[in-house]
Amino acid sequence: DTFRVFGRGEMHFSILIETMRREGYEFMVGAPKVLLHEENGVTMEPVERFVCDVPADYVGAVMEKLGARKGDLQQMNPQGDRMRIEYLIPSRGLFGYRSDFLTDTHGEGVMSAVFECYEPVKGEIPTRLCGSLVAFETGEATSYALFSAQDRGELFIEPGAKVYSGMIVGRNSRPGDIDVNVCKKKHMTNSRNSAAAEEALKITNVHVPTMEEALEFIDDDELLEITPKSLRMRKRVLETELRKKLAAKKRAEANS
């Protein structure tokens, strides 16, 4: 069965999801979407009044991201060595922005948003500029494979994690998805030496997402799988070849 749940932002959803999870439910959720409505034949979308307080050195990075997300600057007020900035921005422009905001302000920024009004839809908004690292093999992640995969981007799993084909195991540092083999093992020439060598591999680019971060990250063709014991992100279509065919078909339709 499928249910549509209405709420107020990723945190609101995460509270409901965590409650159901603790009660023993297993389910999957898709990427959140804003509620649109028609006024006189025009499609309208919700707009937020976004206010943030950031160190002056990071104002440029914040304004660049908000501008790309269709934000409309309302005012800027210096406060010592910090700047208070106010924008009107579509609600969908804030999806996935919290992580970027904390990164751009080195964790020193403070942000809040409240519903302002409905305005005509402002067009496409690039809320996620990176792709996913997707496992194409079912098994157990190894240090050897993850050590190689970490050059592609940020990893979401650690050695020993159980993975399956179509599961999202990391964030690609570039646009587009990449299929990776995180279960690959080093060829055994000397079992004792090989085991010692694998233990010596340093995996430094790992971040296991929280529920809110996972909800922010997933795209329209992805799902967040939730069980009482684990959180996993996955593609809607698990089969690698079928995903590639559907992606090629979508590109062809877009170009026609």
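How each quantity is defined
- Residues numbered from 1 in each chain as written.
- Predicted model: local features only at pLDDT ≥ 70, side-chain atom pairs only at ≥ 80, totals over all residues.
- Heavy atoms only, no water.
- Patch = residues over 30% accessible without salt bridge, like charges linked within 9 Å, V, L, I, M, F, W, Y side chains within 5 Å.
- Areas by Shrake-Rupley, 256 points an atom, 1.4 Å probe, with all protein chains shown as cover.
- Salt bridge = Lys/Arg side-chain N within 4 Å of Asp/Glu carboxyl O.
- Helix = DSSP H or I, 4+ residues; strand = E, 2+ residues; numbered from the N terminus.
- Buried < 20%, exposed > 50% of the residue type's maximum accessible area, 1.4 Å probe, protein only.
- Contact = heavy atoms within 4.5 Å.
- Core = buried A, V, L, I, M, F, W, Y, C linked by side-chain atoms within 4.5 Å.
- Phe/Tyr/Trp six-rings, centres within 6.5 Å; stacked < 30°, edge-to-face > 60°.
- pLDDT = per-residue confidence, 0-100.
- Arc of directions from axis to C-beta.
- Axes fitted to C-alpha atoms, helices over the stretch in contact; angles between N-to-C directions.
- Parallel < 35°, antiparallel > 145°, perpendicular 65-115°, else oblique.
- Left-handed = near helix turned anticlockwise from the far one by under 90°.

## Topic: a nonpolar patch on the surface
Link 1 in the chain: Taken together, Phe6, Leu35, Phe115 and Tyr118 make up a surface patch of nonpolar side chains, about 390 Å² in accessible area.
Link 2 in the chain: Mapped onto the elements of the fold, phenylalanine 6 is located in the segment before α1 (9–22).
Link 3 in the chain: Note on phenylalanine 6: relative accessible area 53%, which makes it exposed.

## Focus: the pattern of salt bridges
Link 1 in the chain: Throughout the structure, instances matching the rule amount to 17 salt bridges.
Link 2 in the chain: Among the salt bridges present, the one from aspartate 53 reaches arginine 82, with a minimum N-O distance of 2.4 Å. Of this pair, aspartate 53 sits in strand β3 (residues 42–55) while arginine 82 sits in strand β5 (residues 82–90), placing them 29 residues apart in sequence.
Link 3 in the chain: With its nearest N and O atoms 2.8 Å apart, the salt bridge here joins arginine 243 to aspartate 179. Linking arginine 243 in helix α7 (residues 240–255) with aspartate 179 in strand β12 (residues 178–180), this pair joins segments that are 64 residues apart in sequence.
Link 4 in the chain: Judged by relative accessible area, aspartate 179 falls into the partly exposed class, the value being 28%.
Link 5 in the chain: Sharing partners across several salt bridges, the network here consists of Asp177, Asp221, Glu222 and Lys235.

## Quick word on the environment of proline 32
Link 1 in the chain: Take proline 32: it is sitting in the loop between β1 (27–30) and β2 (37–39).
Link 2 in the chain: Overall, proline 32 belongs to the buried group, its relative accessible area being 18%.
Link 3 in the chain: The spacing of proline 32 and leucine 215 is 183 residues in sequence and 7.5 Å in space, taken between C-alpha atoms.
Link 4 in the chain: Ignoring sequence-local partners within four residues, the contact set of proline 32 consists of Phe13, Phe95 and Leu215.

## Some words on the nonpolar core
Link 1 in the chain: Judged by nonpolar contacts, the single largest core of 16 residues is most densely connected at Ile17, Val29, Leu215, Phe217, Leu224, Ile226 and Met233.
Link 2 in the chain: Those elements giving two or more residues to this core turn out to be α1, β1, α6 (211–217) and β13 (222–226).
Link 3 in the chain: The dominant element in this core, judged by the number of residues it contributes, is α6, at four residues.
Link 4 in the chain: Filtering out sequence-adjacent residues up to four positions away, isoleucine 17 remains in contact with Phe27, Val29, Met211, Leu215 and Ile226.

## Some points on the packing of aromatic side chains
Link 1 in the chain: Enumeration over the complete set of coordinates arrives at five aromatic pairs.
Link 2 in the chain: Consider the rings of phenylalanine 50 and tyrosine 97, whose centres lie 6.0 Å apart with planes at 70 degrees: the pair is edge-to-face. You can see phenylalanine 50 sitting in strand β3 and its partner tyrosine 97 sitting in helix α3 (residues 97–104), a full 47 residues away along the chain.
Link 3 in the chain: Ring geometry for phenylalanine 115 versus tyrosine 118: centroids 5.5 Å apart, planes at 65 degrees, classification edge-to-face.
Link 4 in the chain: Pairwise contacts between aromatic rings join Phe50, Tyr97 and Phe101 into one cluster.

## Structural notes on the confidence of the model for the chain
Link 1 in the chain: Taken residue by residue, the chain gives an average pLDDT of 89. The fraction at 70 or more is 95%.
Link 2 in the chain: β5 holds the highest mean pLDDT among the elements of the chain, 96, whereas helix α5 (residues 191–200) holds the lowest, 53.

## What about α3?
Link 1 in the chain: Buried within α3 are the following residues: Tyr97, Phe101 and Asp104. With its buried residues spanning 70 degrees around the axis, α3 presents them on a single face.
Link 2 in the chain: Against β3, α2 (59–68) and β6 (110–120) lie the buried residues of α3.
Link 3 in the chain: Of the residues one or two after α3, histidine 106 is the one with positive phi, at around 55 degrees.

## Things to note about the packing of α2 against α3
Link 1 in the chain: Two elements in contact, α2 and α3, have axes separated by 9 Å at closest approach and are oriented at 160 degrees. Considering the angle they form, α2 stands roughly antiparallel to α3. Between α2 and α3 lies a crossing of right-handed hand. Only Tyr97, Asp100, Phe101 and Asp104 of α3 make contact with α2, whose side of the interface consists of Ala61, Val62, Lys65 and Leu66.

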